[in-house]
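Structural description and commentary
In case you want the letters, here they are:
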Amino acid sequence: MKLHGLLASLTLVVVAAVGLPACTSGEPADDGDPVAGKRLFTSEGCAGCHAFTAASSTSDVGPDLDAVGADPNRVMAQLRKPGGLMPSYATKLSEKQRTDLAAFVGASAESGKPVVAPFSPDDKRLADCGDGDTECFEQSFGNLVFNDGPKPALDLLQRMLATNTTVASDCHRITHRMGSAALKRFDDDVAQAFIAGSPVCWSGYYHGIVERAFLGQPDDKLAVVARQLCSDQRINSQRFLAYQCIHGLGHGLMIYTGYDLPGSLKTCDGLRSGFDRVSCSGGAFMENFTSSYGVTSKYLRKDDPIYPCNRVAQRHKLYCYLLVTSNILRLEGYDLQKTADACPRSEPAWVSTCYESFGRDVSGMAGNDATKALENCRLAKRHESDCLYGVARDVVSSDAGGARGGRFCARAPKPHREHCFEGVGSVLGSIETTSEALRERCREVSGRHARGCLRGAGLEPAQT
Ligand code: HEC
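Throughout what follows, the structure given in this document is the object of discussion. (Residues numbered from 1 in each chain as written. Predicted model: local features only at pLDDT ≥ 70, side-chain atom pairs only at ≥ 80, totals over all residues. Heavy atoms only, no water.)

Now for the state of the cysteines. By the definition in use, this model includes nine disulfides. At a sulfur-sulfur separation of 2.1 Å, the disulfide partner of cysteine 377 is cysteine 387. Torsion about the S-S bond of the cysteine 377 and cysteine 387 cystine: about -75°, corresponding to left-handed handedness. Linking cysteine 377 in helix H21 (residues 370-377) with cysteine 387 in helix H22 (residues 384-399), this pair joins segments that are ten residues apart in sequence. We note that cysteine 377, like cysteine 387, is buried. (Disulfide = S-S within 2.5 Å. Helix = DSSP H or I, 4+ residues; strand = E, 2+ residues; numbered from the N terminus. Buried < 20%, exposed > 50% of the residue type's maximum accessible area, 1.4 Å probe, protein only.)

Given below as structure tokens:
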């Protein structure tokens, strides 16, 4: 913000503080819908007076709402009875609308602000970093990338995962910083940084490149930048890198916009192909549910584990529901039974998808232990089959091949086996490039169940 703007809002904050009603005990506003609140913020003219990063507004007639950091109750009080300079919204808006606005404006202070800074190298080294000093590890690994290149630095990190608990527990954050450092090393050449990297620690390195590539871009340019970022031939020629780049865009957009989920999804919607739109929105939802930066997104609700999937536009529901149990799991303290029991709270048409998401989490937690994954899918009861399908998809995607998924499905209980193989086929269908290769692969990994696999891959008519 410019200096005069800052001074003006400081003055107004003082005025506001004096004029503010003492009442903060009104009914709690935490059941508001921030998605609706964001729309109201623009349509009701709040953006015309207030700077607020989460709404991309920079006006300085009223106080800077980032600086004020009002909680929901304070926003409610202000809307009912403003200090005198701001128009009253006591009758202009319904109680529900005020509550939605309060949920948007009053969300925790850290949500709604960009959390990335450009990387600047210094002379900090790994040997300087003590236990728990994440910032030191982030910077030192960044320095290594900047000086020696990503490859040796990522290899070292991979080795240290087994020996250093700070590195292991904060590795996703550390790799974010490494991606940012790589972009600096390669003079902002995104493709070169991508090619030099690796997906260690849930692809944090790729996310770091992308989020850093947005820095300094005005919000109305994000869509253009997003479209260009991954279109380089060197990235596009490798399906795996193309996916990482576009999926990373979704994460990067969220981080860069301060967890603006509606805005990020809108940018994803502007991408070229269906594959791009879907990979990007998946990244945005994932970042919303499990933030790389420990930020609690305002597009989450403690009392509604299904939110925001039950509120987003129809075209975004699939990719929201496919990840929804990551959110439920966290809210339920990583208790799988409780997580499975929460899926029926989804909208009826999406209950099965929720259990498929559950399968993905079961697979992630079981790792290579197929017996454990089979056992945990039983927690889904009537939806065991959806869970197994989710496990199969997760295994095949993370292997980028069908062998292990095929072995897993062969062990699934008989009534669910066919559907499990459909899961295998659905992912193989996006890996193999010709239908001959796909048929061949399905026969190879699923033997007698090849039809299930082919049906999943879209090569056989669906069962009715
Ligand atoms: C015409 C300009 C204008 C508009 C429109 C406006 N405000 Fe304000 N707002 C102000 C001014 C000036 C103040 C400080 C003095 C006051 O309270 O009247 C203020 C104060 C606030 C505060 C209190 C800040 C603090 O210090 O606690 C909040 C919260 C707030 N506004 C939110 C909103 C929301 C939400 C909307 C839209 C529904 C909105 N404002 C619309 C000008 C405006």
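Taken together, the neighbourhood of the ligand is formed by 19 residues, with Cys46, Cys49, His50, Arg74 and Met86 sitting nearest. Here an oxygen atom of the ligand sits 2.9 Å away from a polar atom, N or O, in the side chain of glutamine 78. Breaking the shell around the ligand down by element, the ones donating at least two residues are helix H3 (65-68) and helix H4 (72-80). For the shell around the ligand, the element with the highest residue contribution is H4, accounting for three residues. (Near = heavy atom within 4 Å. Polar contact = N/O pair within 3.5 Å; in protein donor to acceptor, adjacent residues only side chain to side chain.)

Next up on the list: the coordination of the iron atom of the ligand. The protein atoms donating to the iron atom of the ligand are His50 (NE2) and Met86 (SD), with metal-donor distances spanning 2.0 Å. Around the iron atom of the ligand, the six donor atoms sit at angles spanning 86 to 178°, and that spread fits a shape best called octahedral. With a gap of 36 residues between them, histidine 50 in the loop between helix H2 (34-43) and strand E1 (51-52) and methionine 86 in the loop between H4 and helix H5 (95-105) connect regions that are remote in the sequence. For histidine 50, a relative accessible area of 10% gives the class buried. (Donors = N, O, S within 2.8 Å, 3.2 Å for Na, K, Ca; no water. Tetrahedral: all angles 85-135°; square planar, octahedral: opposite > 155°, others 65-115°.)

Okay, unusual backbone geometry next. Note the cis peptide between tyrosine 307 and proline 308, where omega equals 5°. Here proline 308 is to be found in the loop between helix H16 (274-289) and helix H17 (314-321). Phi is positive for lysine 381, which is not a glycine, with a value near 50°. Relative to the helices and strands, lysine 381 resides in the loop between H21 and H22. Lysine 381 gets classed as exposed once you look at its relative accessible area, which sits at 55%.

A few words on the packing of helix H6 (residues 134-148) against helix H7 (residues 150-160). Two numbers describe how H6 lies on H7: the axes approach to 7 Å, and their chain directions differ by 145°. Seen from H6, the contacting residues are Phe137, Phe141, Leu144, Val145 and Asp148; seen from H7, they are Pro150, Pro152, Ala153, Leu156, Leu157 and Met160. Here the contact of H6 with H7 is composed, by residue class, of ten nonpolar, no polar and one charged. (Axes fitted to C-alpha atoms, helices over the stretch in contact; angles between N-to-C directions. Contact = heavy atoms within 4.5 Å. Nonpolar A, V, L, I, M, F, W, Y, C, P; charged D, E, K, R; others polar.)

Here valine 351 is to be found in helix H20 (residues 351-366). Residues valine 351 and tyrosine 321, spaced 30 residues apart in sequence, show a C-alpha to C-alpha distance of 8.6 Å. Apart from the residues lying within four places of it in its own chain, the contact partners of valine 351 are Cys343, Pro344, Ser346 and His383.

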